[in-house]
There are 2 protein chains.
Amino acid sequence: MSSRPIPHSRIFVTGFARGLSVIEAFGAGHKSLSVADAAQRTGLDRAVVRRLLLTLAGLGYARIDGKQFELTGKVLRLGYSYLAASALDVTLQPYLAELSAEIGEAVSVSVLDGNDVVFVARSEQPGNRVAFVVSMGMRLPAYASASGRVLMSALADSEVSARLRGTRRDKRTPATVVGERELVKLVRQARSDGHAVSWEELEEGLVGIAVPLGNRGGTMVASLNTNTNAVRAQARQRVQRMLPRLKAMARRVAEVLP
Amino acid sequence: MSSRPIPHSRIFVTGFARGLSVIEAFGAGHKSLSVADAAQRTGLDRAVVRRLLLTLAGLGYARIDGKQFELTGKVLRLGYSYLAASALDVTLQPYLAELSAEIGEAVSVSVLDGNDVVFVARSEQPGNRVAFVVSMGMRLPAYASASGRVLMSALADSEVSARLRGTRRDKRTPATVVGERELVKLVRQARSDGHAVSWEELEEGLVGIAVPLGNRGGTMVASLNTNTNAVRAQARQRVQRMLPRLKAMARRVAEVLP
DNA sequence: CCCTTTTGTGCGCTCTGCGCTCAAATGAGC
DNA sequence: GCTCATTTGAGCGCAGAGCGCACAAAAGGG
């Protein structure tokens, strides 16, 4: 006679949904959780959480240490399913490497998840020539990053406003734009320019440059971005030199994206 | 009268386990799956898979496009739970940046998952000074990488043998060691040396260097690694110069790891 | 040492979700 | 365009999975 949150839609596997929420209950500052901790964080009954955690442990996604549960590296496979699936990572790597070498800065590819930009591929050019892929997972707030504005430019203005309204917008640096109307205008700008540049809005000294990555059909699937340093001399000219190269690469990549 | 794989252990949430296997059914070359595809790949009944996929979609982890399902960026949150939780990423970042600057090469931290080494943190030093974290997810075969050997050195020899036997060991370069006995010996070597070096075993021209990262209690929690180029002159001396710095940093880091 | 609070777990009952089934859609062949 | 074959979507009755109560066992607190 207690909780009846979902009226059993008959096509919804409650146990699965609850399990996923348990995985997400881990996170910053919650490396290990006891059954009771996890129950509190998810709002589920302790017995339920216990079964779910033991299931995770049984499958190797978690480890039991006394009464504390910890996720194992295996959970990365779940996220990896997405990355490997959206062949972005693998398909794009040679292009990213080439572009990175050309412009002398690390380049990356990101997609939109809610109000965050999520990085899914990256290539760096660290003086040393051994190409080494490390990708995935990092999140940035969409409103304050060039890539976020490019990605949001694929949405309708009303949707952009709605998302902005639903996000905490911190003034991360003095230059960060946080006003909803202003941001919508910047997204519109990105739409018509076919690129976005963010000057020290995310971090002092950091300039973000992003262009949309479309497929042959012309639908935007991701954003191609790079950064440069605002404090070095001639940052402006540098950005102006980089932009056409990013766009040229985006055009080439469009041919190979499904 | 069909499948009865698990006799209901009473603490195992089947729906959850099956759901996770559905997520993993996506992956390289399987960006989008129909209900039937996913059913075949997981070996589950179509009706079951359909419910699970619809559940994923309902929660925003998947998107429906006609009869094809696709994972969304939200699944990265699941893996991210692990990364954020194992504060490795955040805690280590300043140390990694310092080390990377000191030795002039990208450095990274990895953990063991089964037979793979998984990267969980990284810092690069790409000429530009803007520190930018991109981490997570990349996998390498443990047997052929320095970090893998260091990480396996925390296991008992018998366990190492067992894992090696259960892995396909390709000769990725002429230098790759693939013999089980030889590899066990190398792991033992890593254990007594407190480090491992892999000369062009993973990729031609690439030298991997790894040391264990322990916590105060002395239990190994990860591996700290870097790479250098085998073809540049004096690679050997360079490795000899880098090793003590890696070890010194590992000692410092041990103080801050839980 | 007793009492309070927190945590772990057994177990009966109900409601979930399984997987049979059939219907609808798709498409192949003529 | 019609028929047949095949694939996909859903309804529904039944059984047993898993819910959550309630008790037990630790873990403090005074």
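Fair warning: this is a prediction, and the values are worked out from it, not measured in the lab. (Residues numbered from 1 in each chain as written. Chains lettered and ligands numbered in written order. Predicted model: local features only at pLDDT ≥ 70, side-chain atom pairs only at ≥ 80, totals over all residues. Heavy atoms only, no water.)

### What to know about the protein's contact with DNA strand C
Near DNA strand C you find 20 residues, and of these Phe12, Arg46 and Lys67 of chain A together with Arg10 and Arg51 of chain B are the closest. Per the 4 Å cut-off to the protein, sugar and phosphate atoms form 50% of the nearby atoms of DNA strand C. One nitrogen or oxygen atom from the side chain of Arg46 of chain A is found 2.5 Å from a base nitrogen belonging to DNA strand C. At the level of secondary structure, the elements contributing two or more residues to the surface near DNA strand C comprise helix 1 (14-25), helix 2 (35-42) and helix 3 (46-59) of chain A together with helix 3 (46-59) of chain B. Counting residues per element, the surface near DNA strand C draws most heavily on helix 3 of chain B, which supplies three residues. In terms of residue class, the surface near DNA strand C is made up of six nonpolar, five polar and nine charged. (Near = heavy atom within 4 Å. Polar contact = N/O pair within 3.5 Å; in protein donor to acceptor, adjacent residues only side chain to side chain. Helix = DSSP H or I, 4+ residues; strand = E, 2+ residues; numbered from the N terminus. Nonpolar A, V, L, I, M, F, W, Y, C, P; charged D, E, K, R; others polar.)

### A look at the packing of helix 2 (residues 35-42) of chain B against helix 3 of chain B
Residue and element names in this part refer to chain B. One can describe the packing of helix 2 onto helix 3 by two numbers: an axis separation of 9 Å at closest approach and a directional angle of 115°. Comparing the axis directions of helix 2 and helix 3 gives the class roughly perpendicular. At the point where helix 2 passes helix 3, the crossing takes the right-handed sense. Residues Val35, Ala36, Ala38, Ala39 and Thr42 of helix 2 touch helix 3, and the partners they reach there are Arg46, Val49, Arg50 and Leu53. Residues belonging to the contact of helix 2 with helix 3 are distributed by class as follows: six nonpolar, one polar and two charged. (Axes fitted to C-alpha atoms, helices over the stretch in contact; angles between N-to-C directions. Parallel < 35°, antiparallel > 145°, perpendicular 65-115°, else oblique. Left-handed = near helix turned anticlockwise from the far one by under 90°. Contact = heavy atoms within 4.5 Å.)

### Some points on the confidence of the model for chain A
Fine structural detail should not be taken from predicted coordinates in areas where pLDDT scores are low. Residue and element names in this part refer to chain A. For chain A, mean pLDDT is 81; residues scoring 70 or higher make up 86% of the total. Within the model, pLDDT remains below 50 along residues 1-7, and this stretch shows one contact once partners closer than five positions in the same chain are excluded. In the predicted structure, residues 126-135 sits below a pLDDT of 50 and forms 33 contacts with residues beyond four places in sequence or in another chain. (pLDDT = per-residue confidence, 0-100.)

### Remarks on the sheet that holds strand 2 (residues 62-65) of chain B
Residue and element names in this part refer to chain B. In space, the three strands of this open sheet follow the order 1-3-2, with antiparallel pairing throughout. Unpaired on one side and paired on the other, strand 1 (32-34) and strand 2 mark the two borders of the sheet. Averaged over neighbouring strand pairs, the angle between their axes works out to 30° when direction is ignored. Alignment of strand 2 against strand 3 (residues 68-71), held across four bridges, turns out to be antiparallel. Opposite Ala62, over in strand 3, you have Leu71 as the bridge partner. Contacting strand 1 and strand 3, helix 2 runs over the sheet at an angle of about 95° to strand 1. (Pairing = 2+ DSSP bridges.)

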